[in-house]
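Survey of secondary and tertiary structure
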Amino acid sequence: MRDERGTGAVEFALVVPVLLMVLFGTITAGLTYSHHLSINNAARESSRFGAALDYSLPASNWASSVRDRVLQTYADSSSPLPSANVCVRLVSSSGASLAAAIGSACGTEPTSPADMATGSCVVKVWISKPESITLLIAPSLDFDIAAQSVSYYGRTAGSCTAE
């Protein structure tokens, strides 16, 4: 028995770093998934909001209102969403922008539906957010999470006349 003295401490020292890495990785991965769900919800909610909002407001006000809706709906004060990472665009069936597009760091714009009726419009909202999973004893995993939503514009004012 005298030869085995201290083996528990050595085993503990070998196992603890792995357990801490798994624990912190699990916690931060769960928080990242929560952020992903939150931006998905914010994109959906704001595109629905934009589809009901009259875009004949001054162009910048329509897009700003939709972006503000994203920022209000995204409910995580510990990990704020930068305004530049929220992109908004109102697009006609011909591909023309009907309101000023805003946002610059959002990733790839979602495509419009292939079967859009002539004269209809869609509201596009897409978001990108940097995230990180901390593993404590190993390098952090850094990546972007993204969400996008496309909704048909529900009003029949202006250029969006199809029903």
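Residue numbering note: each chain is counted from 1, following its sequence as written. With pLDDT at 70 or above as the cut-off, local features in this predicted model cover only qualifying residues; side-chain atom pairs require 80 or more to be listed or tallied, and sums for whole chains, interfaces and linings still use all residues. The basis for every side-chain value is the complete set of heavy atoms in the structure, and neither hydrogens nor water enter the calculation.

**Some thoughts on the pairing of strand β1 (residues 86-92)**
Filter applied, for reference: When a residue's accessible area, from a 1.4 Å probe over protein chains only, is under 20% of the maximum for its type it is buried; when over 50% it is exposed; and in between it is partly exposed. Here a strand is any run of E in DSSP of at least two residues, a helix any run of H or I of at least four, and the numbering for each starts at the N terminus. Note on pairing: two strands pair once DSSP finds at least 2 bridges between them.
A large share of β1 lies buried, amounting to seven of its seven residues. Residue alternation in β1 divides its side chains into two sets, V86, V88, L90 and S92 and C87, R89 and V91, and both sets are buried. Pairing between β1 and strand β2 (residues 121-133): seven bridges, direction antiparallel. Counted as the bridge partner of V91 is V122 from β2.

**Topic: the state of the cysteines**
Where we set the bar: We call a pair of cysteine sulfur atoms a disulfide whenever their separation is within 2.5 Å.
Evaluation of the coordinates by the stated rule reveals one disulfide. Across the disulfide, C87 is cross-linked to C106 (sulfur-sulfur distance 1.9 Å). The sign of the 85° torsion about the S-S bond sets the C87-C106 disulfide as right-handed. Note that C87 is positioned in strand β1 and C106 in the loop between β1 and β2, a separation of 19 residues in sequence.

**A few points about the confidence of the model for the protein**
Heads up, the rule is: Residue-level confidence of the predictor is what pLDDT reports, using numbers from 0 through 100.
Confidence in the prediction of the protein, expressed as mean pLDDT, is 85, and 91% of residues score 70 or more. Summarising per-element confidence for the protein, the mean pLDDT is lowest in helix α2 (residues 59-73) (84) and highest in strand β3 (residues 141-152) (92).

**Notes on the side chain of R89**
Our working definition: Two N or O atoms count as a polar contact when they lie within 3.5 Å, although within protein this holds only if one can serve as hydrogen donor and the other as acceptor, and sequence-adjacent residues are included solely when both atoms are side-chain atoms. The contact criterion used throughout is that any non-hydrogen atoms of two residues lie within 4.5 Å.
Looking at the element boundaries, R89 is found in strand β1. Taking the relative accessible area as the measure of exposure, R89 reaches 16% and is therefore buried. Separated by 3.3 Å, the side chain of R89 and the backbone oxygen of G95 make a polar contact. A polar atom in the side chain of R89 sits 2.6 Å from the side chain of S97. Sequence-distant contacts of R89, defined by excluding residues within four places in its chain, comprise W62, G95, S97, A101, E109, V122, V123, K124 and W126.

**A short note on the pattern of salt bridges**
Note the threshold: Salt-bridge detection follows one rule: a side-chain nitrogen of Lys or Arg within 4 Å of a carboxyl oxygen of Asp or Glu.
Within the structure shown, the criterion is met by six salt bridges. A salt bridge links D68 to R67; the nearest nitrogen and oxygen atoms lie 4.0 Å apart. The class for D68 is partly exposed, based on a relative accessible area of 34%. On the basis of relative accessible area, R67 is assigned to the buried category, the value being 19%. Note that R89 and E109 form a salt bridge whose closest N and O atoms lie 2.6 Å from each other. Here the residue R89 occupies a position in strand β1, and E109 occupies one in the loop between β1 and β2, the gap between them amounting to 20 residues. Three or more residues are tied together by salt bridges with common partners; here these are E45, R48 and R69.

**A word on a nonpolar patch on the surface**
This is how it is decided: Only residues above 30% relative accessible area that lack a salt bridge enter a patch, with like-charged residues linked at up to 9 Å and the nonpolar side chains Val, Leu, Ile, Met, Phe, Trp and Tyr linked at up to 5 Å. Here, Shrake-Rupley sampling with a 1.4 Å probe gives the accessible areas, and only protein chains in the shown set may cover a residue.
Residues L20, L23, F24, I27, L31, L136 and I137 make up a contiguous nonpolar surface patch of about 600 Å² in total accessible area. Secondary-structure assignment places L23 in helix α1 (residues 7-52). You can call L23 partly exposed: its relative accessible area is 46%.

**Details of the nonpolar core**
Test applied: In this text, buried Ala, Val, Leu, Ile, Met, Phe, Trp, Tyr and Cys residues form a nonpolar core when linked through side-chain atoms within 4.5 Å.
Grouped together as the largest cluster of nonpolar side chains are 25 residues, with contacts concentrated most on W62, V88, L90, V125, I127 and Y153. Every element with two or more residues in this core is listed here: α1, α2, β1, β2 and β3. If sequence neighbours within four positions are ignored, L90 has contacts with Y55, W62, A96, S97, L98, A99, C121, V122, V123 and Y153.

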